[in-house]
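Analysis of the macromolecular model
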Amino acid sequence: MTITRERTLAVDFSTPFIEFQLAILLRKPGFNPDGGLPTNPQTSGNQTSNEISPLVLRPISLLLWIASIVTISLLMLLSFLIECFIRRKRGEASVKVSYSGRALQFIFWAFVTLLFIVYMGYFTTERLLGQFGSQRSNTLDIKSIRDLANQDNIRYGVMRAGSTFEYFRISQDRVLRRMYSLMTSDTLNTLPRTVDEGVGRVRYGIQPYAYILEGPYAHYQATLQPCDVIIAPKYFGPKRGYGVATRPNHTLKSRINLAVLGMKENGEIEELENKWFRNKDNCENEETKNFQIEPLELQLGFGQLTGLFIVSTIPVVLTIAIATCELCFRKKRKSSKSNSASGFELERWK
C-alpha cells in the first residue's frame, strides 16, 4: 500500500520496501487501439487554418520559396522588357512574339512546371510520411508533467479518490493546480474509478489519453504484451513508498521491518522489483528508446534545387544573345532594304 500522511493516522506502516515517483503512461505512437497493431494514424480533424497554411508551405524551405518567386518574377520582367524593346526597334504596335520572347516563355513555363512537379512530390511524400511523424510527435513531445500541462491535444487524468488524486488536490504548485482544475471540470473526460480503467483508456481510447499513476505500476504496464504503452522520461512529485500496513502499535510491525531490511540487504527486493516492474524481456526499454526518435520531417531546401536554377540561367543568357542577334539581323536587313530601294529609285530616274 502507498504510504501517505492520511493513512499513517489510521494505521502503522512498515519501512518502505519500494520508493517511487509519479509517472505518465502514454500509448505508443502508431498502435491501433482495436488490436495493438501498428497503423498509419491520421491527423487530427480539428486542424485550424493556421495549421493548414504552414502545411502547404512546409515542403519547401523559406529560402527556396523566395528564390523561386524572385526567379519567376525576373523571367516575366525580362520577357516583357525584351518584347517591348524589340517592338520599339521594329516600330510596330502589334506583331507576333519574337523568337527570343518565345524562348523566354518556354523557359518560364518549363521552370514553373518542374518546380510544381518537385513541390507536389515532396508535398505528397510529406503528407504520407509526415502524418506519422506529426501524430507521433504529439506523444513523443510529452517528456514531463509540464509538457503534458502545456498542450491541448492529449487528455489526461488520474484515478478518482486515490493518493495521486489527493496529491493534485492539495498541491500548491500552480501547474498542478491548473491540471487538477481541468481534470475535475471536464465533463467529457470523467476521471477513471480504477487504475485498470485508466490504463484501458490509454490502450484502447479512440482519442489520445495520458494516465498519471505510480511509477512501479506504470513500469509493469509498459512491460506487458503487446508493448503498446510507453512512459514519459521524467518522473515528478515527491518520493513515496510502498509499505505493509499493520494495526497501530502492533508487534508485527517490527518483525516486518526486520524482514524488509534483510530483503533489501541481500538484494531480494531489487530482484523482485526487476522481475515484476522492470521486466525487459517482454518489451524493450521503450520509455527511453522511443523518446530519442525525432518526428519525421521532410523539406526541400535551396541547395537541393541549385541545379534547376543554374540550368534555367543558361537558356536565359542564350535568349538574351538570340534577342541581340535578332535585333542586329533585322537592323542589317532593314538597312539592306533601304539601300535596295534607293538604288531602284536612282535607276528609275535615269
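Note that residues are indexed from 1 along each chain, following the sequence as it is written. The predicted nature of this model means local features are confined to residues of pLDDT at least 70 and side-chain atom pairs, given and counted, to a pLDDT of 80 or more, with totals for whole chains, interfaces and linings taken over all residues. With hydrogens and water stripped out, all remaining heavy atoms of the structure feed into the side-chain values.

1. Digging into the packing of helix α10 (residues 252–265) against helix α11 (residues 268–276)
Think of each axis as a best-fit line through the C-alpha atoms, taken over the contacting stretch in the case of a helix, with angles from 0 to 180 degrees between the N-to-C directions. Helix numbering and strand numbering both begin at the N terminus, where a helix is a DSSP run of H or I of at least 4 residues and a strand a DSSP run of E of at least 2. Following both chains from N to C, one finds α10 and α11 inclined at 75 degrees, their axes separated by 5 Å at the closest point. Judged on the interaxial angle alone, α11 and α10 are roughly perpendicular. On the side of α10, the interface is formed by Val260, Met263 and Lys264, while α11 contributes Glu268, Ile269 and Leu272. Split by residue class, the contact of α10 with α11 holds four nonpolar, no polar and two charged. Our angle categories are set so that under 35 degrees counts as roughly parallel, over 145 as roughly antiparallel, 65 to 115 as roughly perpendicular, and the remainder as oblique. Every residue pair with non-hydrogen atoms within 4.5 Å of one another is taken to be in contact. Basically, the charged four are Asp, Glu, Lys and Arg, the nonpolar ten are Ala, Val, Leu, Ile, Met, Phe, Trp, Tyr, Cys and Pro, and anything else, Gly included, counts as polar.

2. Here's the deal with the pairing of strand β4 (residues 209–214)
Extensive coverage of β4 is indicated by the burial of six of its six residues. Note on pairing: DSSP must find at least two bridges between two strands before they are called paired. Inspection of the sheet shows strand β2 (residues 18–27) paired to β4 by five bridges, in the antiparallel sense. Each residue of the ladder has a partner; that of alanine 23, found in β4, is leucine 213. As defined by bridge partners, strand β3 (residues 155–157) adjoins β4 across three bridges and the pair is classed as parallel. Exposed residues in this analysis have more than 50% of their type's maximum accessible area, buried residues have under 20%, and partly exposed residues fall in between, with area computed by a 1.4 Å probe over protein chains only.

3. Digging into the side chain of serine 14
Here serine 14 shows up in the loop between β1 (12–13) and β2. Given the relative accessible area of 4%, serine 14 is considered buried. Here a polar contact means two N or O atoms within 3.5 Å. Within protein one must be a hydrogen donor candidate and the other an acceptor candidate, and residues neighboring in sequence count only if both atoms are side-chain atoms. Reaching out from serine 14, the side chain makes a polar contact with the backbone nitrogen of valine 244 at a distance of 2.9 Å. Ignoring any residue separated from it by four or fewer positions in sequence, one finds serine 14 in contact with Ile3, Gly243, Val244, Ile256 and Asn257.

4. Some remarks on the packing of aromatic side chains
Stacked, edge-to-face and tilted labels apply to pairs of Phe, Tyr and Trp rings (six-membered ring for Trp) whose centres lie within 6.5 Å, assigned for plane angles under 30 degrees, over 60, and everything in between, in that order. Tallying each qualifying case throughout the model produces six aromatic pairs. Between the aromatic rings of tyrosine 167 and phenylalanine 168, the centroid separation amounts to 5.8 Å while the plane-to-plane angle is 80 degrees, which identifies the pairing as edge-to-face. Of the two residues, tyrosine 167 and phenylalanine 168, both sit in the buried class. Pairing tyrosine 217 with tyrosine 220 gives two aromatic rings, centres 5.8 Å apart and planes at 40 degrees, and the pair type is tilted. In this pair, tyrosine 217 and tyrosine 220 are both assigned in helix α9 (residues 215–222), three residues apart and thus about one turn of the helix distant. Feature note: the residues Phe17, Phe20 and Tyr242 constitute an aromatic cluster, connected by ring pairs.

5. Details of the confidence of the model for the protein
Averaged over every residue, the pLDDT of the protein is 76; the share at 70 or more is 67%. Scored from 0 to 100, pLDDT records how confident the predictor is in each individual residue. Scored below 50 in pLDDT, residues 285–297 makes 30 contacts in the model with residues more than four places away or belonging to other chains.

6. Some words on the nonpolar core
Definition of nonpolar core: a set of buried residues of the types Ala, Val, Leu, Ile, Met, Phe, Trp, Tyr and Cys, connected through side-chain atoms within 4.5 Å. In terms of nonpolar packing, the biggest core is built from 23 residues, with Ile24, Ile145, Leu148, Phe168, Met179, Ile212 and Phe236 touching the most fellow members. Only β2, α5 (145–149), α6 (163–170), α7 (174–185) and β4 provide two or more residues apiece to this core. At four residues, α7 tops the list of elements feeding residues into this core. If we ignore the near neighbours within four places in the chain, the residues touching isoleucine 212 are Ala23, Ile24, Ile145, Leu148, Gly157, Val158, Thr164, Phe168, Met179 and Phe236.

7. Looking at the pairing of β2
Most of β2 is tucked away, with eight of its 10 residues classed as buried. Two elements, β2 and strand β6 (residues 236–242), share four bridges in a ladder whose sense is antiparallel. Paired with isoleucine 18 across the two strands is tyrosine 242, which belongs to β6. Two strands pair when backbone bridges link them, and β2 and strand β5 (residues 229–231) are joined in this way by three bridges, in the antiparallel orientation. Bridge assignment links arginine 27 to a residue of β5, and that residue is valine 229.

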